[in-house]
Amino acid sequence: MTTPYPPQQETADGAIDEYEKFCDLVAGLTPEQWDAPTRCEGWAVRDVAGHVFGVAVDIADRASGRRTADEQAAEYRVLTPKALAEELRGKARALRGPFAGMSERSWTSPGPMGYRRGESVLLLLQDTYVHADDIRAALGLPSDRGPGLAATVDFVRFALERRGAAPARFVLEDVGTVEVGEGGPEVHGDPLDFVLAGTGRKDPAACGLDTVPNIYG
């Protein structure tokens, strides 16, 4: 099965929209919330936010992959919620034009970290969405089930196919049918559970998604 390529305008806008929502989420956090532990092992909320900010810095500097997630978190965890949100918002808005303005050839050409450029933008959208959910979970806030969730489902599907996961047909509430490969069993589930299982944040067996491996190994 050929994996559909990410649509450029929709994916570019979605990635920046997720940054905007992330900034809205963290800007007003209290010191206690900033230091709250998250489900990302060894990371507080400030570390998660520092990593998300560091990814944007590295993209702006054309240095994606230069630093590990831990290095990004360590460098920017010292920022206050308000300062990080303000700086991240500016960097994100500056990326909208370059993302949306790529030629078709550039959008589908090899990019950093082993992905084509359009795939990298979808990866960015997914990374921002799931880390925002890490923070929401740490603070007892409800998950965002807006457009970012459906786009993140699409990235997880793409990543499962890329790593050669067993074929399956996932019927996800409010999202629809997501096919990984050709054939395989039909599995019903929740789209957020699909994302959390696929990114190693939830036991797939506990939510009836046994066929979803961690896309990060």
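Anything mentioned here points back to the structure above.
Keep in mind it's a predicted model, so treat the numbers as computed, not measured.

Asks: Is there a simple way to think about the nonpolar core in this case?
Replies: In globular proteins that are soluble, nonpolar side chains generally tend to be buried together. Counting 67 residues, the largest nonpolar core has Tyr19, Val26, Leu88, Ile135, Phe170 and Phe194 as the members making the most contacts within it. Ranked by residue count, the leading element in this core is helix α7 (residues 117–139), at ten residues. In this view, Val26 contacts Trp34, Pro81, Leu84, Ala85 and Ile135; residues no more than four positions away in its chain are not counted.

Asks: What is the right way to read the packing of helix α3 (residues 45–60) against helix α5 (residues 81–100) from this model?
Replies: When two helices pack together, their arrangement is captured by the angle between the axes and the distance separating the axes. At their nearest, the axes of α3 and α5 sit 10 Å apart, and the two run at 40 degrees to each other. In terms of axis orientation, α3 runs oblique to α5. Read as a crossing pair, α3 and α5 show a hand that is left-handed. Residues Ala49, Gly50, Val52, Phe53, Ala56, Val57 and Ile59 of α3 form the contact with α5, whose own contacting residues are Leu84, Glu87, Leu88, Lys91, Leu95 and Phe99. The class makeup of the residues in the contact of α3 with α5 is ten nonpolar, one polar and two charged.

Asks: Can you walk me through the pattern of salt bridges in this structure?
Replies: In the structure shown here, the tally under the stated rule is 21 salt bridges. With a closest N to O distance of 2.7 Å, Asp58 and Arg67 form a salt bridge. Each member of the pair, Asp58 as well as Arg67, carries the same accessibility label: buried. Assessed through its relative accessible area of 13%, Arg67 is described here as buried. Taken together, the shared-partner salt bridges in this structure form one network comprising Glu20, Asp24, Arg89 and Arg93.

Asks: What exactly am I supposed to notice about the pairing of strand β3 (residues 186–189) here?
Replies: For a regular strand, the rule is simple: side chains alternate between the two faces of the sheet. With burial as the criterion, only one face of β3 is covered, namely that bearing Val187 and Gly189; the residues Glu186 and His188 on the opposite face remain uncovered. Here strand β1 (residues 168–172) pairs with β3 via four bridges, running parallel. Bridging across to β3, Phe170 finds its partner in Val187.

Asks: Looking at this structure, how should I read the environment of Arg145?
Replies: As for its position among the elements, Arg145 is in the loop between α7 and α8 (147–162). Filtering out sequence-adjacent residues up to four positions away, Arg145 remains in contact with Asp190, Pro191 and Leu192. There is a polar contact of 3.1 Å between the side chain of Arg145 and the side chain of Asp190.

Asks: Would you mind going over helix α9 (residues 191–198) with me for this structure?
Replies: For an α-helix the count is 3.6 residues per turn, leaving residues at separations of three or four pointing the same way. Taking burial as the measure, the eight residues of α9 include eight buried ones, the bulk of the element. Those residues of α9 not exposed but buried are Pro191, Leu192, Asp193, Phe194, Val195, Leu196, Ala197 and Gly198. Its side-chain oxygen 3.0 Å from the backbone nitrogen of Leu192, Asp190 forms the N-cap of α9.

Asks: What is the right way to read unusual backbone geometry from this model?
Replies: In most cases, non-glycine residues show a negative phi, while peptide bonds are predominantly trans. The phi dihedral of Arg62 is positive, around 55 degrees, even though this residue is not glycine. Within the secondary structure, Arg62 is located in the loop between α3 and α4 (69–76). Using a relative accessible area of 81% as the deciding quantity, one classes Arg62 as exposed. The phi angle at Asp174 is positive, at roughly 70 degrees, despite the residue not being glycine. By the element assignment, Asp174 lies in the loop between β1 and β2 (176–180).

Cut-offs used in this document
- Residues numbered from 1 in each chain as written.
- Predicted model: local features only at pLDDT ≥ 70, side-chain atom pairs only at ≥ 80, totals over all residues.
- Heavy atoms only, no water.
- Core = buried A, V, L, I, M, F, W, Y, C linked by side-chain atoms within 4.5 Å.
- Buried < 20%, exposed > 50% of the residue type's maximum accessible area, 1.4 Å probe, protein only.
- Helix = DSSP H or I, 4+ residues; strand = E, 2+ residues; numbered from the N terminus.
- Contact = heavy atoms within 4.5 Å.
- Axes fitted to C-alpha atoms, helices over the stretch in contact; angles between N-to-C directions.
- Parallel < 35°, antiparallel > 145°, perpendicular 65-115°, else oblique.
- Left-handed = near helix turned anticlockwise from the far one by under 90°.
- Nonpolar A, V, L, I, M, F, W, Y, C, P; charged D, E, K, R; others polar.
- Salt bridge = Lys/Arg side-chain N within 4 Å of Asp/Glu carboxyl O.
- Pairing = 2+ DSSP bridges.
- Polar contact = N/O pair within 3.5 Å; in protein donor to acceptor, adjacent residues only side chain to side chain.

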